[in-house]
Every structure is written in structure tokens, then in C-alpha cells.
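# Structural characterization, general
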2 protein chains.
Amino acid sequence: MPPRRAGRTPAKNAAPKRIRLGTDERRAQLLSLAKSSFSARAYDDVSIDDLARDARISKGLLYHYFPTKRDLYVAGLHEIADELVAAITAVPDNLAPIERVRAGLDAYLDHIMRLPQAYVSLMRGGIGSDPEVAAVIESVRAKLFDQFVHGTPFAAILAGNAKFEIAVRGWIGFVEGATIDWAANPRLSREDLRELFTSVLFEILRVVLPNMIPTI
Amino acid sequence: MPPRRAGRTPAKNAAPKRIRLGTDERRAQLLSLAKSSFSARAYDDVSIDDLARDARISKGLLYHYFPTKRDLYVAGLHEIADELVAAITAVPDNLAPIERVRAGLDAYLDHIMRLPQAYVSLMRGGIGSDPEVAAVIESVRAKLFDQFVHGTPFAAILAGNAKFEIAVRGWIGFVEGATIDWAANPRLSREDLRELFTSVLFEILRVVLPNMIPTI
């Protein structure tokens, strides 16, 4: 192997504080940093100065990618929401309905366990109180609803069943309400919570579809 | 009956556009106006000009009471929240548990039926996406939780039962999630929705308290 020539590795000894990245890489780096920073600390405790320092770029360059801290937060939240939806919808189709529900809830609770305080402040005031942020939360709910209502073996029978659809919306509300309580004060194991959600869902379905659920 | 003397009714023929009110009356008038205006139209469609015209006062005087439209909205929302909590907590103590739940739900749904679109935009983005507004919503949830957990005959047995408390939080989320769907698109009668909520609550309680609920 020929020895490297210094002229071909000009940056090798310079140990540059500022790393050149392409536009896409820089954006990805900033989003990754935003996700970890806003998950670890409250929104108001994360400053643009900290973010620029951690990314080793100037504040000016950071503002070029994300004009405000809120823009960076919302972009990071979109990514987390997409990851959450992808994890939940990745549940294999060939599982029994109750196992699909369990697997989806495991994916949901796994995500939230990684950033419980961020979840609580997102869902209850704080930065969650922003129209664009609220729209992201609502789009996640809509995707979960579609996944559940259209992705199940009994979807065709139930399409347009008002009680069923309202009950699924309500159950998503149940999961959120109970998860916020749990994330702030985890008094049950994740498995106990998942089993509570699963049991409650099937009890709710028995209420709204009394002649169908025993066969699922 | 002696004829009225003009000197004693100076305002009679003047038909004044602007009515003098004391501070408390003026504040109450503006709050009442805010509640009806924001219930009938979207937050962004209600202007300070409209509100001042409807109240027959100058914009300057309106700003004296409420420095911004948002302040007036939040003050009106506090009143509606207080009325809602008062209606729900006014349910007689001597009813059977299931009848207490039904009566509380009737009070809740009655309130929401009066202003369904305002409820949807309050709970899903829009002006609901404001930290102070979110705090009002959260305080209503906390009061409903207390009413349910501490106001029932079986409260003493269940105090501190994590599954029970998480399930009640979750059920409040269920009621909200399903009510938002229903307020936007009322496909069930109010009675059907109330019965759905009541049945779901008792099914949830059977899940978390398997040995107790049959006796309630």
C-alpha cells in the first residue's frame, strides 16, 4: 500500500472545528441534534447558541437552514412523528388482531419511553401549544386511526360504522390520556400498561360490536 | 298616574348608542359577548372591531378591560370552564354510581352541544394551541378526575390505586377523543354517545378492578 501523500489529505492535521457538509447532510445533522436536544431538555431551555455550538456551525448558518428555533423543533417533531407512525405500521400483517394491537402499542410505548418528559410537555401545553405542532399530533392520530380501521381483517365489515369509528377515536384518546399520566409518573410497568390498553380496546369493541368481537 | 316629566327622563328620547355600566357590569357584558361571539364563529373571524361595535363601546375602552383579543378569549374560556365544572359537579350525591356518571356526562355533552365547532377548534389546534388555553383545558381534566376519583363511594378503597387512576385519566381521554369526533360529525344521538361512554367506563373499571365492579 503506498504511503498517503499529505497533499491529498489537507484536512488530516488541521482538526477543523467546523466540518463541511452538503446541504442534505447538514440538515440531517441539525435535525438529529434537535431531536436529542429537545428530548433531553425543555423547549425553553434549549437555545440557538447551544444548538449552533453543538453542531459546530455559526448561528448564521443554522438560521439559514431553520429561520427560528421553533422551525427546527417542528421539523424534528415531524421526523419523530414519521418514525413513530412507521414503527407502528411496520407490525406484520399476519399476526392475530390482538397481537397486532400489542405490537403496535409496544412500538408506541418504546418511542415514548425514550423521551417521556418531551412527550408530556408536547401533549399538555408547553410547545405542544402551537398550531403547527398540534397539526403534527393530529396527523399522527389520523394515521393511527387509519392503520387500525383500514388495516384490520374486519375493516370491510366495519367501514362507516359510526359507533366503531367513534370508539376507536376514543380509544386513541384513552391511550394518550393514560400514557401522559404514565410518562409523568410511571407507576405501572410498560407491559402492564400495554396489557391495560389492549384489554380496554377489546372491551370497548365488545361494547360497540357485541355480536362480532368474540370471534376476533 | 301623573304624566312623566321630561326633566326626569333625560335619556328617554336620546336613545344613547353608548350605555354607561359599572366596571363589573361592563366586564360581565364583555365576557358574555365574547362567549357568544367565539362560540358562533372561529377565533380568527372575530375582530376587536366587531366586539367593540356589538358592545357599543370604543375599541379603547374594550382594550382597557382586555388588552388583547386573546385575553378576552381566555377570560371567556375560564368562565365556560367554570360553568362546565360546576354543572358536572352539581350532580346529586345520592344517585347510584352509574346514574352519577350519566348525569355528569349529560351536563358535559349539553355544554358541548351548545358550541360544537368552538369545542373542536379549542381541542384540536387553533386557539387551543396557546399555553394559557391549554392550561385551562388541563385544569378541567384535573377537576373531572378529582370529581370522579374522590367523589365516589368507593374512593377510599381506590385512593392511590395506579391502575384505577390511570384508567380514569384514560377514560377522560376517551370521552374527549370521541366527543371531538362527534362534535365535528354528530353521527350518534347524544343519548347513544352518553350510553357508550358509560358502558365503556364500567368495562374499563371491570378490567382494572376485576373483583370490585360487579358490586357497584
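The rules behind the values
- Residues numbered from 1 in each chain as written.
- Chains lettered and ligands numbered in written order.
- Predicted model: local features only at pLDDT ≥ 70, side-chain atom pairs only at ≥ 80, totals over all residues.
- Heavy atoms only, no water.
- Salt bridge = Lys/Arg side-chain N within 4 Å of Asp/Glu carboxyl O.
- Helix = DSSP H or I, 4+ residues; strand = E, 2+ residues; numbered from the N terminus.
- Buried < 20%, exposed > 50% of the residue type's maximum accessible area, 1.4 Å probe, protein only.
- pLDDT = per-residue confidence, 0-100.
- Contact = heavy atoms within 4.5 Å.
- Least-squares fit on C-alpha atoms with pLDDT ≥ 70 in both.
- Buried area = accessible area lost by both parts, 1.4 Å probe.
- Nonpolar A, V, L, I, M, F, W, Y, C, P; charged D, E, K, R; others polar.
- Expected span 1.5 Å × (residues − 1).
- Axes fitted to C-alpha atoms, helices over the stretch in contact; angles between N-to-C directions.
- Parallel < 35°, antiparallel > 145°, perpendicular 65-115°, else oblique.
- Left-handed = near helix turned anticlockwise from the far one by under 90°.
- Phe/Tyr/Trp six-rings, centres within 6.5 Å; stacked < 30°, edge-to-face > 60°.
- Lys NZ or Arg CZ within 6 Å of the ring centre and 35° of its normal.
- Polar contact = N/O pair within 3.5 Å; in protein donor to acceptor, adjacent residues only side chain to side chain.

Now for the pattern of salt bridges. Across all of its chains, the model carries 42 salt bridges over all chains by this definition. Two residues, A:Glu132 and A:Arg70, come together in a salt bridge whose shortest N-O distance is 2.9 Å. With a gap of 62 residues between them, A:Glu132 in helix α7 (residues 131-150) and A:Arg70 in helix α4 (residues 69-89) connect regions that are remote in the sequence. Its relative accessible area of 26% is what places A:Arg70 among the partly exposed residues. With a shortest N-O distance of 3.4 Å, B:Arg53 and B:Asp54 are connected by a salt bridge. Exposure remark for B:Arg53: the relative accessible area of 55% places this residue in the exposed category.

Moving on: the confidence of the model for chain A. Residues and elements named next belong to chain A. Chain-level pLDDT for chain A is 82 on average; 83% of the residues reach the 70-or-more range. By mean pLDDT, helix α8 (residues 155-158) is the weakest element of chain A at 72, and helix α3 (residues 59-65) is the strongest at 94. Overall, residues 1-16 carries pLDDT values under 50, and its contacts beyond four positions in sequence, including any with other chains, amount to three contacts. In the predicted complex, the global pTM is 0.80; the interface-specific ipTM is 0.77.

As a further point, take the relation of the copies chain A and chain B. Screw-axis analysis of chain A against chain B gives a translation of 0.0 Å along the axis, an RMSD of 0.1 Å, and a rotation angle of 180°. Both copies of the chain, as the preceding transformation shows, are related through a two-fold rotation axis. Both copies present the same face, since 100% of the interface residues in chain A are matched by interface residues at the equivalent positions in chain B.

Glancing now at the side chain of B:Ser37. Residue and element names in this part refer to chain B. By the element assignment, Ser 37 lies in helix α1 (residues 23-40). By relative accessible area, Ser 37 is classed as buried at 5%. Other than its neighbours up to four places away in sequence, Ser 37 contacts Val 46 and Leu 51.

Listed as interface residues are 32 residues of chain A and, on the opposing side, 32 residues of chain B. With both sides pooled, the region where chain A packs onto chain B buries about 2700 Å², and carbon together with sulfur makes up 73% of that total. Counting across the interface, chain A meets chain B through four salt bridges. A salt bridge links B:Arg187 to A:Glu165, with the nearest nitrogen and oxygen atoms 3.0 Å apart. Contributing elements (two or more residues each) for the side of chain A that touches chain B: α7, α9 (162-184) and α10 (190-208) of chain A. Of all the elements, α9(A) adds the most residues to the side of chain A that touches chain B, at 13 residues. Within the side of chain A that touches chain B, the residues separate by chemical class into 15 nonpolar, seven polar and 10 charged.

On to unusual backbone geometry. Negative phi values dominate among residues other than glycine, just as trans dominates among peptide bonds. All names here are of chain A. Phi at Arg 56 takes a positive value of approximately 60°, unusual for a residue other than glycine. Tracing the backbone shows Arg 56 in the loop between α2 (48-55) and α3. According to the relative accessible area criterion, Arg 56 is partly exposed, its value standing at 45%.

Another point: α1(B). Residue and element names in this part refer to chain B. Over its 18 residues, α1 extends 26 Å from the first C-alpha to the last, a length consistent with the 26 Å expected when each residue adds 1.5 Å. What α1 keeps buried is the set Arg 26, Leu 30, Leu 31, Leu 33, Ala 34, Lys 35, Ser 37 and Phe 38. In the core, the buried residues of α1 are packed alongside α2 (48-55), α3 (59-65), α4 (69-89) and α6 (116-123).

Moving on, we get to the environment of A:Thr23. Tracing the backbone shows A:Thr23 in helix α1 (residues 23-40). Taking the C-alpha atoms as reference points, A:Thr23 and A:Lys35, separated by 12 residues in sequence, lie 18 Å from one another.

Residues and elements named next belong to chain B. In contact at an axis separation of 10 Å, helix α9 (residues 162-184) and helix α10 (residues 190-208) are set at 160° when each is read in the N-to-C sense. Between α9 and α10, the interaxial angle falls into the category roughly antiparallel. Every pair of crossing elements has a handedness; the one defined by α9 and α10 is right-handed. Along the contact surface, α9 presents Lys 163, Phe 164, Ala 167, Trp 171, Phe 174, Val 175, Ala 178, Thr 179 and Trp 182, while α10 presents Arg 190, Leu 193, Phe 197, Val 200, Leu 201, Ile 204, Leu 205 and Val 208.

Turning next to the packing of aromatic side chains. Under the criterion given, the structure shown has 10 aromatic pairs over all chains. Relative to B:Tyr73, the ring of B:Phe38 has its centre 5.0 Å away and its plane inclined at 80°; by these criteria the two rings are edge-to-face. Within this pair, whereas B:Phe38 is found in helix α1, its partner B:Tyr73 is found in helix α4, the two being separated by 35 residues in sequence. Under the relative-accessibility criterion, B:Phe38 is labelled buried at 8%. By relative accessible area, which is 9% here, B:Tyr73 ends up buried. Members of the aromatic cluster, connected to one another through ring pairs, are A:Phe38, A:Tyr43 and A:Tyr73. Its end group placed over the ring of A:Tyr43, A:Lys69 keeps NZ or CZ at 4.4 Å from the ring centre.

With respect to the helices, strands and loops of the structure, A:Val207 is situated in helix α10. Judged by its relative accessible area of 23%, A:Val207 falls in the partly exposed class. Sequence-wise, A:Val207 and A:Phe164 are 43 residues apart; in three dimensions their C-alpha atoms are separated by 9.5 Å. When near neighbours in sequence (up to four residues on either side) are disregarded, A:Val207 contacts B:Leu196, B:Ser199 and B:Glu203.

Another point: the side chain of B:Arg194. All names here are of chain B. Take Arg 194: it is sitting in helix α10. A residue is classified by how much of its surface remains accessible, and Arg 194, at 15% relative accessible area, is buried. Within the structure, the side chain of Arg 194 is placed 2.9 Å from the side chain of Asp 106, a separation counted as a polar contact. Leaving out residues up to four positions away in the same chain, Arg 194 has contacts with Arg 102, Leu 105, Asp 106 and Leu 109.

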